[in-house]
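# Observations on the model geometry
Single-letter residue listing:
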Amino acid sequence: MLVHETGVAILYGAIVGIIITVSSSSEKLQSFVSFNSEVFMLFLLPQIIFESGYNMRRKAFFKNSASILLFAFVGTLISMLIISFGLMLFVKIKWVPVNLSPRDCLIFGSLISATDPVSVLAIFTELKVNRDLFANVFGESVMNDAIALVLVQTFLKFDDTHPISASFIFKSIGMFFGIFIGSLAIGTLFGFITALLLKHIKIQQIPLLESTLTIVLAWVSFLLAEEIGLSGIASVLFCGIMDAHYSFNNLSKESQNLTKEWIHLLSYISETFVFVYLGLAAFTVTHAFKWQLILLSLILCLLSRFFNVYPLAWVNNKFKEKKKQLKKKEIFVIWFAGLRGAIAFALSLILDSKNGQILMTTTLTIVFFTVFVLGGLTQPVLKKLDLAYKDKDESLYKQKKKTRFLEFDRKYLKPFLTHQRYGQRELDELTQESYKITIKKKVQAYKEFEDKESKIDFVNENENENEVKSGWESEEETTTESDSDLFIGNNTKKKIKKESSVSDSKSTSTSSTGSEKD
């Protein structure tokens, strides 16, 4: 299937866009379906990012956290720098017929570095690729979105009068880390607040209220971070991770399932709406195509992704055991899965530059190319490379590493924020493991008992068969003997009778002869 669900949503939006364009009342319809970037940033994007953090496969994520953070932080910065300075060079040598300022280049390089492999991850799930590959692509995508957004927000605070100098670079780096760390702190704080409220407020009998409280507090963390000039996206991402790690344990069983389903539903609706609008925008938005800029930007995206993934994968493998290293075909898929999507396009709509329309059109074209061409080829590539999940990989996830942070988390944070006591999880796991072992032993004993019973039955059946056969043979022998005796006896009787008749005839003849003589 070359057209996946993301592509279908875009095609559906494109069909609607064509209908609106050719209709007589197109202006009214266009104003009705026009995309509001504020609505996207305030209501749609937080749901998408929160779901990414909440439904993250935490075991696989933390197992591959080093490579994920390496690709997300360092890789996004490398990608942004290659694209930004590449565009500055092309503008300077007149390869691009657009007068882009350094600020425009930096903002465009930041937003186009945001990967959004929704379609790739859907194919990963369908084909059941191995967990390490899934975790690296998914984790990098989640963290990469937050970092790209922080970079865009950082460069938007400058104006076109700022030249690229050492002070500008250091100031940008300082602002980036300040925004990111502050957003992380707010998201973590609201995650703790949600966990404590769910622990101490007795609302377990109302599952809907528990789910609503979890979602609303995450959204509040987003609004607060945005209000004080930080990144709401980074805040709601870490709030989702904290909620999944702590708050989830305080929910009732019904609320746990309900919350996961609600968060996934809201995220799916938001993503589908955005991709439908991508198709709409192809026909309902005024475009400014600069094909040289589009082609060069696409080449820079592919090159920046290559120089981002392969060198960092080599660095990552240098510090890992051989069995935990990324394989060549996995590295290729990570590079190949760097699609651009909804977030890059949405960020292009908030540009306040005079070249904003040109950059928006360029972004939309790159999104279409990566989603339909690279996304469409992902499934054949994965099948060709044979990256399906193997059962032997499961053992790697059962090996637990005791780090200082994990020990602190189990000893202090979990008991404080959840109903779980220190050592309870280990005891539960030990009990569950011993229960599994007991069941396994019982099943094994039952199988052995069944085998013995079947063997005994088999032996008994053989003995019975042998007895029956021996009985049959003795009867046959007896029958044969009696038949032979009977045959011999009859012949003897016939012979004796014949002999007696002969003797009687002789005696009669003798007596008759004697009487004649007399």
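Preceding block: the structure.
Read on for an overview of the structure.

Calculation rules
Residues numbered from 1 in each chain as written. Predicted model: local features only at pLDDT ≥ 70, side-chain atom pairs only at ≥ 80, totals over all residues. Heavy atoms only, no water. Phe/Tyr/Trp six-rings, centres within 6.5 Å; stacked < 30°, edge-to-face > 60°. Helix = DSSP H or I, 4+ residues; strand = E, 2+ residues; numbered from the N terminus. Buried < 20%, exposed > 50% of the residue type's maximum accessible area, 1.4 Å probe, protein only. Contact = heavy atoms within 4.5 Å. Core = buried A, V, L, I, M, F, W, Y, C linked by side-chain atoms within 4.5 Å. Axes fitted to C-alpha atoms, helices over the stretch in contact; angles between N-to-C directions. Parallel < 35°, antiparallel > 145°, perpendicular 65-115°, else oblique. Left-handed = near helix turned anticlockwise from the far one by under 90°. Salt bridge = Lys/Arg side-chain N within 4 Å of Asp/Glu carboxyl O.

### Some words on the packing of aromatic side chains
- Applying the stated criterion across every chain yields a total of 18 aromatic pairs.
- A ring pair is formed by Phe 306 and Tyr 310, whose centres lie 4.7 Å apart and whose planes are at 35 degrees; its orientation type is tilted. Here the residue Phe 306 and the residue Tyr 310 both occupy positions in helix H13 (residues 291-318), the gap between them amounting to four residues, near one helical turn.
- By relative accessible area, which is 36% here, Phe 306 ends up partly exposed.
- A relative accessible area of 27% places Tyr 310 in the partly exposed class.
- Geometrically, the ring pair formed by Phe 368 and Phe 372 is edge-to-face, given 6.3 Å between the ring centres and 65 degrees between the ring planes. Of the two residues, Phe 368 and Phe 372 are both situated in helix H16 (residues 356-385); the distance of four residues between them amounts to about one turn of the helix.
- On the basis of relative accessible area, Phe 372 is assigned to the partly exposed category, the value being 30%.
- Here the aromatic residues Phe 73, Phe 176, Phe 177, Phe 180 and Phe 238 are joined through ring pairs into a cluster of three or more.

### A look at the side chain of Asn 64
- Along the polypeptide, Asn 64 turns up in the loop between helix H4 (58-63) and helix H5 (65-92).
- Leaving out residues up to four positions away in the same chain, Asn 64 has contacts with Asp 132, Ala 135, Asn 136 and Lys 320.

### Describing the nonpolar core
- Leu 45, Phe 108, Leu 111, Phe 124, Leu 133, Met 143 and Phe 180 are the most contacted members of the largest nonpolar core, which totals 113 residues.
- The leading source of residues in this core is helix H8 (residues 131-156), at 14 residues.
- Those residues within four positions of Met 143 in sequence are excluded, and the remaining contacts are Ile 68, Leu 69, Ala 72, Phe 73, Phe 180, Leu 237 and Phe 238.

### Quick word on the packing of helix H10 (residues 207-227) against helix H12 (residues 253-284)
- Contact geometry of H10 with H12 gives a least axis separation of 9 Å together with a crossing angle of 45 degrees. In terms of their interaxial angle, H10 and H12 are classed as oblique. H10 and H12 meet at a crossing whose hand is right-handed. Every residue of H12 that contacts H10 at Pro 207, Leu 208, Glu 210, Ser 211, Thr 214 and Ile 215 is listed here: Glu 254, Ser 255, Leu 258, Thr 259, Trp 262, Ile 263 and Leu 266.

### So, the pattern of salt bridges
- Evaluated as defined, the whole model comprises one salt bridge.
- Among the ionic pairs, Arg 305 bridges to Glu 140, the shortest N-O distance being 2.7 Å. Of the two residues, Arg 305 sits in helix H13 while Glu 140 sits in helix H8, which places them 165 residues apart along the sequence.
- Taking relative accessible area as the criterion, Arg 305 reaches 4% and is therefore assigned buried.
- By relative accessible area, which is 2% here, Glu 140 ends up buried.

Such coordinate-based values are descriptive only and should not be taken to indicate function.
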